[in-house]
Amino acid sequence: MKHERIQSLNKRILEDYTNENIVFGDGNLDCSIMLIGEAPGAKEVELKKPFVGQAGKYLDEFIEVLDIEREQLYITNVVKYRPTKKSTKTDGVVNRTPTNIEIEKFKKYLIEEIDIIDPEIIVPLGNTPIKGIFEDNFKIGEVHGKALKANIKGKEYMVFPLYHPAAVIYRRELKKVYLDDLQELKKLIKKC
């Protein structure tokens, strides 16, 4: 049933975004933990799989700290294509944060994806996925490492926001905070 519903959802996304390279969610449809990133990067588009580029290395650390396997997770992004901008340094194309309009356009798909997967814990990684889940204007700096509740299609879900693993690359001071938050998440997982 879940498989058919995900296929149907993915088909609709493809029909709505025929001019984009779409990267769908990936992983265990019967998982208890759902990770949500902001959007795919170049490597994700190339391999058609979320969290396999630079952020994928940090995902490996995430999985190791939590003492779980990638196969136990379902991983997706709010925006399913790579938002880009022209680099001022190289004249090439680089990633950019999705706009509020892009997040709003993809929100309905994300809500349906959560409804299909029906995880015990949703882990939004950064501000973009928080915007995709909540109506409130939360900021990751205020809510990281805290167990929140979100009502999605009439069901209450536990949401545990974390800094995006890539944020740790750019802001080294977040490393300890990030690892402390992962320890809190590990305790929550053991209770589930």
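These lines cover the structure that appears in this document, whether it is placed above or below.

Rules and cut-offs
Numbering of residues begins from 1 in every chain and follows the order in which that chain's sequence is written. Side-chain atom pairs in this predicted model are given and counted only at pLDDT of 80 or more, local residue features only at pLDDT of at least 70, and totals for whole chains, interfaces and linings cover all residues. Note that the side-chain values use all heavy atoms of the structure and ignore hydrogens as well as water. Each helix is a run of DSSP H or I of at least 4 residues and each strand a run of E of at least 2, with the numbering of both proceeding from the N terminus. Any helix carries an expected span of 1.5 Å times its number of residues minus one. Residue contacts are defined here by distance: any two heavy atoms, one from each residue, within 4.5 Å place the two residues in contact. A side-chain nitrogen of Lys or Arg and a carboxyl oxygen of Asp or Glu constitute a salt bridge if their distance falls within 4 Å. Type-normalised accessible area, obtained with a 1.4 Å probe on protein chains alone, sets the label of each residue: buried when under 20%, exposed when over 50%, and partly exposed for intermediate values. Each pair of aromatic rings taken from Phe, Tyr and Trp, with Trp reduced to its six-membered ring, is defined by centres within 6.5 Å and is described as stacked if the planes are under 30 degrees apart, edge-to-face if over 60, and tilted in the remaining cases.

### Observations regarding helix H1 (residues 2-16)
- Its 15 residues give H1 an end-to-end C-alpha distance of 21 Å, which sits within 8% of 21 Å, the value for a rise of 1.5 Å per residue.
- Taken together, the buried residues of H1 touch strand S3 (73-77) and helix H4 (100-117).

### Points about the pattern of salt bridges
- The final tally for this structure, using the stated rule, is 17 salt bridges.
- Between Glu46 and Lys43 there is a salt bridge, with the nearest N and O atoms lying 3.6 Å from each other. Of the two residues, Glu46 and Lys43 both sit in helix H2 (residues 42-47), three residues apart, roughly one turn of that helix.
- Its relative accessible area of 38% is what places Lys43 among the partly exposed residues.
- Glu184 is paired through a salt bridge with Lys187; the nearest N and O atoms lie 3.0 Å apart. With Glu184 and Lys187 both in helix H8 (residues 174-191) and three residues apart, this pair spans about one turn of that helix.
- Since its relative accessible area comes to 47%, Lys187 is described here as partly exposed.
- One network of salt bridges, in which partners are shared, links Arg5, Asp115 and Lys153.

### Here we look at the packing of aromatic side chains
- The tally for this structure, following the rule as stated, stands at six aromatic pairs.
- A centroid spacing of 6.4 Å and a plane angle of 75° characterise the contact between Tyr17 and Tyr109, whose relative ring orientation is edge-to-face. Of this pair, Tyr17 sits in the loop between H1 and strand S1 (26-27) while Tyr109 is found in helix H4, placing the two residues 92 residues apart along the sequence. When sorted by exposure, Tyr17 lands in the same class as Tyr109, which is buried.
- An aromatic cluster is present here, built from Tyr17, Tyr81, Phe106 and Tyr109 joined pairwise through their rings.

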